[in-house]
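These are the residues of each chain, in order.
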Amino acid sequence: PKCAFRATTHVSMRDEAASSSGPLAGCGSLAAIAEGVELQHLLPQLAGETLHSLWALQRPALLSHLRSIGVERLTERQKLATAVVKARAACTAAPQPPPPATPPAAVPPPQPPPPPPPPSPPPAAQPPTAAQPPPDSPSDDQLAALLSSLSLDVGCALRGASFADLAALQRPELLAALKERGIARLSDRQKLASAIAKAARTAASVSTSSSALAASSASASASASASAVASFSPTGIMPSRPPRLDPDPLPAPGRAAFERRRRVPPLPKYRRLTSAELARTAPLNLPGDWHGLPLPNSLAELATPRFGAAWLTRAFRAAGSIGPDNAVEEITAFEPLELQGLDAQGGAGEKALLRVRYARQEPGRRLHTDLFVKCPWEYTRFAYQRSLISVQLGDGDGMELSVYQFLEGSLPLRIPQLYFADLSRESSFYLLVTECVPYAPRGRTEDGYLLDWRRFGVGEVLPKSGKYQDDRIVDAHLYYYALFRAMARVAAADKRGCFDHHLGRQGDGGPPARSAMGQPLPADTRARRAALVSRNSQMFGSLKEFVLEYAPGLFGGEIADAAYLDRLKGEYVEMAPYFTAAMHALAAHPELHVLSHVNLQIDNAWFWRSADADGAGEAVLECGLLDWYNASRVPAVSVFMGCLSGIEPEVLAAHEEGLMRCFADEYFKYGGPQVDPNLLRLQFRLAFCAGFAGNLQYIEAEVLKEMPSKEEWRSVRDRWDPRVMGRWNVRCRTVAFLQLIRAHEALGMHSFFMEWVRQNPAVCRSPRV
């Protein structure tokens, strides 16, 4: 079938030797398991598999792998996967030989145990004559009180349960535990789980002695009566306890492929090229700095006879992706992806799909025939885009290629398997070749597609999500919970030192203060404050002109109002002097300075259903990550807006607190320090306000260059007009403006920010110089 912007799951399936040694030795055979569930007819497809290789996979990856080896029926894949998981559980529960001294490569070595937790606050005083609970009530007084306040008649199911034990569970685990205890109704389980979580957070906040905002901003004072900010009660690092590592952590994706790859040194130091240098080198085939092969100067040249299959053979051999006796015999399909239109596939560079034929498949390797290719914009045709992305914004391309080249075997999640990556510092041209993700068919945008995860089975890859098209997604919030879990897992892995071999070790004193784009933060001076006021006044003046003179139909009557836009401008001019202080407050938390994907919007990931809805809470979907442009160590919260810029404002308002709690829980669960989700929420709002005006520079730079006609703009009535949605930069910029304005109002950003300023005079006072 035609490869419609797809790739396969990125887990090497057959690289583990079929050995009977190790801690799981003697636990039966895969053939016996298949026969036990009456699936012996699948033994030919399973001939090259071992229990050890399948046990290393989580259920979504296992289901996808079974499909890739020819198990076509979903019911059979699910039945076999369940049997494998049960066999592993039964085997690991039995006495086994001692585990090896060195942990498997897929699981990072555990950190030394943190200091013991402080003593818990004493329980609330009970009446001295308190009677024993009735037979239909739990014996735990706190649980009994919760049930009474909620009017839930489920006391029998919780008899013998402990509030502390239930509160220690993550929400999906808690919902599953409540179901196992016999609470049949999902609404009752959800209601009780929410009450337990709320009670646990309240108890934690009572036990915290430090002032919330003093800890989050190092401020000397805070006003206890300021409810807009004080309600968040951020406390920085919370009392530590041993992290609850996932009992079945994601295997390190591509570990075997990574270990086979040729070792290369870091790229030469980045140098900012001039326009003259870009023009001079544009037609040249300069060698890459990693492998020394001459690179094509455009995407189209890759498919010409001068390069083609013979060049791919040299490239894949040089990278270690295929053996020295293997070859790419033919490019059987070459399909450039749309760069404009309703179904455009991104704006970071030119992209295409390749289908290739190898001389042979290699034992122990998974060689994908459907591949994805990416390179920068061709300078002779797209000079502005090439200069902006490859030069003006820094070394984003080099950072993306380095993630694939150096971190593929260390990341705690799935990324597309790398086949070739190289870059020439002399020209800034690069070429990236990876596997291609097998998105399910979605349908064309003009046909009004609707993405509904409920139509897909567990482990099935969902259709690709369009950028700034969230209103075409059922339960879009589930996608963002998956993205926040992914960001947290990467952050925790960095704190555990998993990436130090490439990024270097973070010092104990914390890293230097940096922005979301990895640039050093400037000092907070009087001159900078004046410049920020001037810039915000200018940017919001441009926004007013654009909304009223060009696009009143796009923004609607509530926004396309001169009085409202003047008020919005006044609010940001009032906040502007304190934006540098806000960004320094974000950078003041080294526990949150981590490797981050800086543009993790919904179209820069692929998603699959990881669990049944019942009992999974917000963990229904999992994801793998794409497009690592400019990935670097920055304050984690500073990049949240790069993820949330396309979310519908009402969805953000409903799930802002939940998303911050999701990140904090997953960060701690995977071995990072325990942080207060309220601190994350505070920092997210500060970063939102400080970064708003930066988006407005693209009105002149991109939007009006691509669509300059005022008459054409004034006939636009909504964002789904093909003239907006069909022009990539127009879509991404104008819909972002609309969502930012709506989120500013929905979350009360101005009043919140100014309350933070008033409560933090030490941080926000006027600088001396």
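The residue numbering used here restarts from 1 in each chain and proceeds along that chain's sequence as written. Side-chain atom pairs in this predicted model are given and counted only at pLDDT of 80 or more, local residue features only at pLDDT of at least 70, and totals for whole chains, interfaces and linings cover all residues. Note: side-chain values were computed over all heavy atoms of the structure, leaving out hydrogens and water.

K.L.:
So what's going on with the overall build of the protein? Residues and values would help.
P.N.:
Along the protein, the regular secondary structure elements total 31 helices and nine strands. Per-residue burial over the protein gives 55% buried out of 769 residues. In what follows, a contact means two residues having at least one pair of non-hydrogen atoms within 4.5 Å. Pairs at least 24 apart in sequence give 72% of the contacts found in the protein among residues at least 6 apart. By element, 55% of the accessible surface of the protein is carried by carbon and sulfur atoms, the whole surface being about 31,700 Å². Secondary structure is summarised from DSSP: a helix means a run of H or I of at least four residues, a strand means a run of E of at least two, and numbering begins at the N terminus for each. Only protein chains enter the calculation, and the probe is 1.4 Å; a residue is then buried if its accessible area is under 20% of its type maximum, exposed if over 50%, and partly exposed in between. Accessible areas in this description were obtained via Shrake-Rupley with a 1.4 Å probe; residue shielding takes into account the shown protein chains only.

K.L.:
Please give an account of the nonpolar core that cites residues and values.
P.N.:
In this structure, F663, W713 and F753 are the most contacted members of the largest nonpolar core, which totals 126 residues. For this core, the element with the most residues is helix α17 (residues 476-495), which contributes 15 residues. What we call a nonpolar core is a set of buried Ala, Val, Leu, Ile, Met, Phe, Trp, Tyr and Cys residues that are connected through their side-chain atoms within 4.5 Å. A315, V328, L354 and F420 belong to the second-largest nonpolar core, a separate cluster that totals 26 residues.

K.L.:
Please provide a residue-by-residue account of the packing of aromatic side chains, values included.
P.N.:
A pair of aromatic rings is counted whenever rings of Phe, Tyr or Trp (Trp by its six-membered ring) have centres within 6.5 Å, and the orientation is called stacked for planes under 30 degrees apart, edge-to-face for over 60 and tilted otherwise. As enumerated under the stated definition, the model contains 21 aromatic pairs in all. Centroid distance Y479 to F607: 4.7 Å. Interplanar angle 65 degrees. Geometry classified as edge-to-face. Highlighted residues: Y479 in helix α17 and F607 in strand β7 (residues 605-609), separated in sequence by 128 residues. Take Y479 and F607: they sit in the same class, and that class is buried. Look at F546 and W713: their rings are 5.2 Å apart centre to centre, the planes differ by 85 degrees, and that puts the pair in the edge-to-face class.

K.L.:
Explain helix α29 (residues 728-746) residue by residue, including any values.
P.N.:
Here α29 contains 19 residues, and its C-alpha end-to-end distance of 27 Å stays within 8% of the 27 Å for a straight helix at 1.5 Å per residue. Of all 19 residues making up α29, 15 are buried, and the element is well covered by its neighbours. Once α29 ends, the next one or two residues include G748, with phi positive near 60 degrees. Under the convention used throughout, the expected extent of a helix is 1.5 Å for every residue step, that is, one less than its residue count.

K.L.:
Pulling in residues and values, what's your account of the side chain of E435?
P.N.:
Within the element layout of this structure, E435 appears in strand β5 (residues 430-435). For this count, His and the chain ends are skipped, Lys and Arg are scored as positive, and Asp and Glu as negative. Whenever a carboxyl oxygen of Asp or Glu lies within 4 Å of a side-chain nitrogen of Lys or Arg, that contact is scored as a salt bridge. Notably, E435 is buried but unbridged: the nearest opposite-charge side chain belongs to R366, and the N-O separation is 6.0 Å. In protein, a polar contact means a hydrogen-donor-capable atom and an acceptor-capable atom, both N or O and within 3.5 Å, with residues adjacent in sequence counting only if both atoms are side-chain atoms; elsewhere, any N or O pair within 3.5 Å suffices. Engagement of the side chain of E435 in a polar contact is seen with the side chain of H368, the distance being 3.1 Å. One polar contact links the side chain of E435 to the main-chain amide nitrogen of Q417, over a distance of 2.9 Å.

K.L.:
Account for the sheet that holds β5, with residues named and values stated.
P.N.:
DSSP bridges decide pairing: two strands pair if at least two such bridges lie between them. With antiparallel pairing, five strands are arranged side by side in an open sheet as β1-β2-β3-β5-β4. Of all strands in the sheet, those with a lone pairing partner are β1 (328-336) and β4 (418-423), marking the two edges. Between one strand axis and the next, the sheet turns through 25 degrees on average, direction left out of account. Pairing of β1 with strand β2 (residues 350-358) involves seven bridges; the strand directions are antiparallel. By the bridge assignment, V328 is partnered in β2 with Y358. Think of each axis as a best-fit line through the C-alpha atoms, taken over the contacting stretch in the case of a helix, with angles from 0 to 180 degrees between the N-to-C directions.

K.L.:
Lay out the packing of helix α21 (residues 562-575) against α29 in plain terms, naming residues and giving numbers.
P.N.:
Any two packed helices are characterised by the angle at which their axes cross and by the distance between the axes. Orientation of α21 relative to α29, taken along the N-to-C sense of each, is 75 degrees, at an axis distance of 13 Å. When the interaxial angle is binned, α21 and α29 end up roughly perpendicular. The segment α21 lies against α29, with Y564, R567, L568, E571, Y572 and M575 engaging I741, H744 and E745. Charged residues are taken to be Asp, Glu, Lys and Arg, nonpolar residues to be Ala, Val, Leu, Ile, Met, Phe, Trp, Tyr, Cys and Pro, and polar residues to be all remaining types, Gly included. Considered class by class, the residues forming the contact of α21 with α29 number five nonpolar, one polar and three charged. Here roughly perpendicular refers to angles of 65 to 115 degrees, roughly parallel to angles under 35, roughly antiparallel to angles over 145, and oblique to all remaining angles.

K.L.:
Account for helix α16 (residues 396-407), with residues named and values stated.
P.N.:
The end-to-end C-alpha distance of α16, which contains twelve residues, comes to 16 Å, matching closely the 16 Å that a straight helix rising 1.5 Å per residue would cover. Along α16, the residues that are buried comprise G396, D397, G398, E400, L401, S402, V403, Y404, Q405, F406 and L407.

K.L.:
So what about unusual backbone geometry? Which residues, and what values?
P.N.:
Backbone geometry at D627 places phi at a positive 55 degrees, although glycine is not the residue there. Turning to its location among the elements, D627 is positioned in the loop between β8 (621-625) and β9 (632-635). Exposure remark for D627: the relative accessible area of 14% places this residue in the buried category. Here N630, not a glycine, exhibits a phi torsion of approximately 65 degrees, which is positive. Tracing the sequence through the fold places N630 in the loop between β8 and β9.

K.L.:
Break down the environment of K705 for me, citing the residues and quoting the values.
P.N.:
On the secondary structure map, K705 appears in helix α26 (residues 698-706). What makes K705 exposed here is its relative accessible area of 60%. Remark: the alpha-carbon pair of K705 and V730, spanning 25 residues in sequence, is separated by 9.2 Å.

K.L.:
Lay out the packing of helix α19 (residues 526-550) against helix α25 (residues 677-695) with the relevant residues and their values.
P.N.:
Running from amino to carboxyl end, α19 crosses α25 at an angle of 55 degrees, the nearest separation of the two axes being 9 Å. When the axis of α19 is compared with that of α25, the two are oblique. Considering the relative orientation of α19 and α25, their crossing is left-handed. Residue-level contacts link R535, N536, M539 and F540 of α19 to F692, A693 and G694 of α25. Looking at the contact of α19 with α25 residue by residue, the classes come out as four nonpolar, two polar and one charged. Left-handed describes a crossing whose near helix is turned anticlockwise from the far helix through less than a right angle; right-handed describes the clockwise counterpart.

K.L.:
Give me the lowdown on the pairing of β7, citing residues and values where you can.
P.N.:
Here β7 lies mainly inside the structure; five of its five residues are buried. The pairing of β7 with β8 spans five bridges and is antiparallel. Bridging across to β8, A605 finds its partner in L625.

K.L.:
Can you lay out the confidence of the model for the protein for me, pointing to particular residues and giving the numbers?
P.N.:
Residue-level confidence of the predictor is what pLDDT reports, using numbers from 0 through 100. Put simply, the protein has an average pLDDT of 80, and 76% of its residues get 70 or more. Every residue in residues 1-26 scores below 50 in pLDDT, and together they form 91 contacts with partners more than four places removed in sequence or on other chains. Note that residues 205-228 has pLDDT below 50 and, in this model, 46 contacts with residues that lie over four places away or in other chains.

K.L.:
So what's going on with the side chain of N729? Which residues, and what values?
P.N.:
As for its placement among the helices and strands, N729 is situated in helix α29. Here the side chain of N729 touches E706 through a polar contact of 2.8 Å, side chain to side chain. Other than its neighbours up to four places away in sequence, N729 contacts E702, V703 and E706.

K.L.:
An account of the pairing of strand β3 (residues 370-375) is requested, with residue identities and associated values reported.
P.N.:
Side-chain direction in a regular strand flips from residue to residue, so the side chains alternate between the two faces of the sheet. Along β3, six of the six residues are buried, which leaves the element largely enclosed by surrounding structure. Residues D370, F372 and K374 line one face of β3 and the alternating positions L371, V373 and C375 line the opposite face, and both faces are buried. Relative to β3, β2 runs antiparallel, the two sharing six bridges. Of the residues in β3, the one forming a bridge with A352 is V373. Bridging between β3 and β5 involves four bridges; their strand directions are antiparallel. Counted as the bridge partner of L371 is E435 from β5.

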